[in-house]
Amino acid sequence: MVKDQHVLDAMRHIIDPDLGKDIVSLGFIKDLKVRGGDVSFTVELTTPACPVKEQFKTDCERAVRAVPGVSSVSVTMSAMQAKKQPGLGINTLHKVHTVLAVSSCKGGVGKSTIAAQLARQMQREGLRVGLLDTDIYGPSVPTLFNLRQPQLMMRNNLLMPIVVDGLKLMSVGFVLGDSPAVMRGPMVSGYVQQILHQTDWGDLDYLVIDMPPGTGDIQLTLVQQAALDGAIIVTTPHSLSLVDVARGILMFERVNVPVLGIVENMSYFVCDNCSKKHYLFGQSAQALKDRFGLETLAEFPMIDNLSDLSSKDAGAGLEPLRQLADRLHRAVGKRRAQKETLPVVTAAGTHIRVQWPDGSVALLNNRDVRGACQCASCVEEFSGKQILDPASISASIQPTAIGNLGNYAVSIAWNDGHSSGIFTWDRLKEIEKGVRL
Ligand code: ADP
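Predicted model, so just to flag it, every value in this text is computed and none were measured.

Caption draft 1: Representation of the overall build of the protein in the model. From N to C terminus, the protein includes 13 helices and 23 strands. Relative to the globule expectation of 22 Å for 437 residues, the C-alpha radius of gyration of the protein, 24 Å, shows essentially globular dimensions. In the protein, which comprises 437 residues, the proportion classed as buried is 50%. Entry remark: accessible area of the protein is about 20600 Å², with carbon and sulfur atoms responsible for 49%.

Caption draft 2: Inspection of the site of the ligand at higher detail. Of all residues adjacent to the ligand, which total 14 residues, the nearest are Gly108, Ser112, Thr113, Ile303 and Ser307. Within the complex, the protein chains bury 72% of what would otherwise be the 570 Å² of accessible surface of the ligand.

Caption draft 3: Focus on unusual backbone geometry. One non-glycine residue, Asn157, lies in the positive phi region at around 65°. Position of Asn157 relative to the elements: it lies in the loop between strand 8 (153-155) and strand 9 (158-160). By relative accessible area, which is 63% here, Asn157 ends up exposed. For Met266, which is not a glycine, the phi torsion comes out positive at approximately 50°.

Caption draft 4: Representation of the environment of Gly293 in the model. Examined against the element boundaries, Gly293 turns out to sit in the loop between helix 10 (285-292) and strand 17 (296-299). Residue classification places Gly293 among the partly exposed residues on the basis of a relative accessible area of 33%. C-alpha of Gly293 to C-alpha of Ile422: the two residues are 129 residues apart in sequence and 9.9 Å apart in space. Every residue in contact with Gly293, bar those within four places of it in the chain, is listed here: Leu288 and Thr424.

Caption draft 5: Local environment of helix 9 (residues 242-254). For helix 9, with 13 residues, the first-to-last C-alpha span of 18 Å sits near the 18 Å given by 1.5 Å per residue. Every buried residue belonging to helix 9 is among Leu242, Asp244, Val245, Ala246, Gly248, Ile249, Met251, Phe252 and Glu253, and all of these are buried. One or two positions beyond helix 9, positive phi appears at Asn256, with a value near 65°.

Caption draft 6: Main features of the domain arrangement of the protein. For the protein, the domain assignment lists domain 1 (4-79), domain 2 (96-337) and domain 3 (344-434). Each of domain 1 and domain 3 has a C-alpha centre, and the two are 45 Å apart.

Caption draft 7: Representation of the pairing of strand 3 (residues 29-35). Pairing analysis gives 5 bridges linking strand 3 to strand 4 (residues 38-45), with the strands arranged antiparallel. Within strand 4, the residue paired with Ile29 across the bridge is Val43. If you look at the hairpin formed by strand 3 and strand 4, you'll find 2 residues sitting between the two strands, and Gly36 has a positive phi there, around 60°.

Caption draft 8: Molecular detail of empty space enclosed by the protein. Under the criterion given, the structure shown has 2 cavities of 30 Å³ or more. Taken as a whole, the largest cavity spans an internal volume of roughly 90 Å³. In terms of lining residues, the largest cavity is bounded by 13 residues, among which Asp16, Asp18, Thr46, Cys50 and Gly333 are the most central. Tallying contributions element by element places helix 11 (residues 319-337) first for the lining of the largest cavity, with 4 residues. Residues belonging to the lining of the largest cavity are distributed by class as follows: 5 nonpolar, 4 polar and 4 charged. Shared between two domains, the lining of the largest cavity holds at least three residues of each, these being domain 1 (4-79) and domain 2 (96-337).

Conventions we followed
- Residues numbered from 1 in each chain as written.
- Predicted model: local features only at pLDDT ≥ 70, side-chain atom pairs only at ≥ 80, totals over all residues.
- Heavy atoms only, no water.
- Helix = DSSP H or I, 4+ residues; strand = E, 2+ residues; numbered from the N terminus.
- Rg over C-alpha atoms; globule rule 2.2 N^0.38 Å.
- Buried < 20%, exposed > 50% of the residue type's maximum accessible area, 1.4 Å probe, protein only.
- Areas by Shrake-Rupley, 256 points an atom, 1.4 Å probe, with all protein chains shown as cover.
- Near = heavy atom within 4 Å.
- Contact = heavy atoms within 4.5 Å.
- Expected span 1.5 Å × (residues − 1).
- Domains from an automatic or database assignment.
- Pairing = 2+ DSSP bridges.
- 1 Å grid on protein atoms, 1.4 Å probe; cavity = no way out; pocket = protein on both sides within 12 Å on 5 of 7 lines; lining within 4 Å.
- Points joined across faces, edges and corners; volume = space filled by probe spheres on them.
- Nonpolar A, V, L, I, M, F, W, Y, C, P; charged D, E, K, R; others polar.

Shown next as structure tokens:
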């Protein structure tokens, strides 16, 4: 007779490539029913956009069919419900599985273009997608999609998004029209609140929010109210300022929103007569990884017409776009599933105490840690030369606050007034090993 255990054991070799564990231990198998030789169950994935969904289904069917006594197998694929914290975020988003922000430190880096292309790409993958353009300084959705002052409709006191090829769009530009920026002034923030709170998104797999550039109060309010699942930061190599990126990361982390990675736009061009990538402004991915532990999710070249989204096929076949969506699906799924064990960093008198996930403890001298700060006022941004003179660090230096930044670093504020340092786990390991930084 077939038992539940036989069925589960048969699937224990199926490993989630992102989480590195088998799908049975991860608790993905739900509603298992065994009636004689008929077996049915649901595989509940972390995200409806799981890139290996079909592969899992085939593997599960094959594995269970091979169990002696099994005559039929019925597998249903589903995704974990987004667990929005009650009281946080906005009601109209309660049926939105994942909310992502696309942000940038400066204007003109292609943030809106990437946000819109990402939404189109996810939609092409069969997902239900919305794009919310909150860029009050220059709403782009009307231009990108060639929609001039579309007629907005209300239903049950809610604004209905404009639907283009199944993609749901809302923009401050639909409300503001062509009114000159100077007239918008104080009205603007009211409009942003209105479209945030009153757009009827319905069921969505992803809502992509095109943020206003920068890290001011408007941005922070948006991040808090939209209960984001993650953010990406778009930069260009020529506008890259590590100070600005740090400010962006801190803004998101302050309200517990993970920065999933960086998109580097206009990073190279490929000329007509050769296939070589020309990086005119150098590559910055390594600097971002070293300083903040951030991955580059995709690099977009200079491309003609990237900002014409009027056709459903705009951007189709563009490899960096496919890669960006794929990495985001994985990053979102991974964060949802993983309750990662993180190092615990605390102040311990003259030392910083780091308890690593394996239980081992490192005691790092306060002066060594303070001296290893890599922020822009301690280390020259471009040459990497140390500005901070280690001899100037007081013997009584102590942390005044230590806070986790996502799952990759801590920020430490010191009693000498310095508070912009970010220490990745790797950096703390290097300090522990006494590696010269
Ligand atoms: P932001 O939202 O950051 O202000 P936009 O998306 O409006 O930036 O883009 C700014 C300008 O750069 C637009 O003219 C857009 O067409 C252009 N652009 C964006 N990305 C690229 C790219 N990869 N190649 C060429 N031009 C681009």
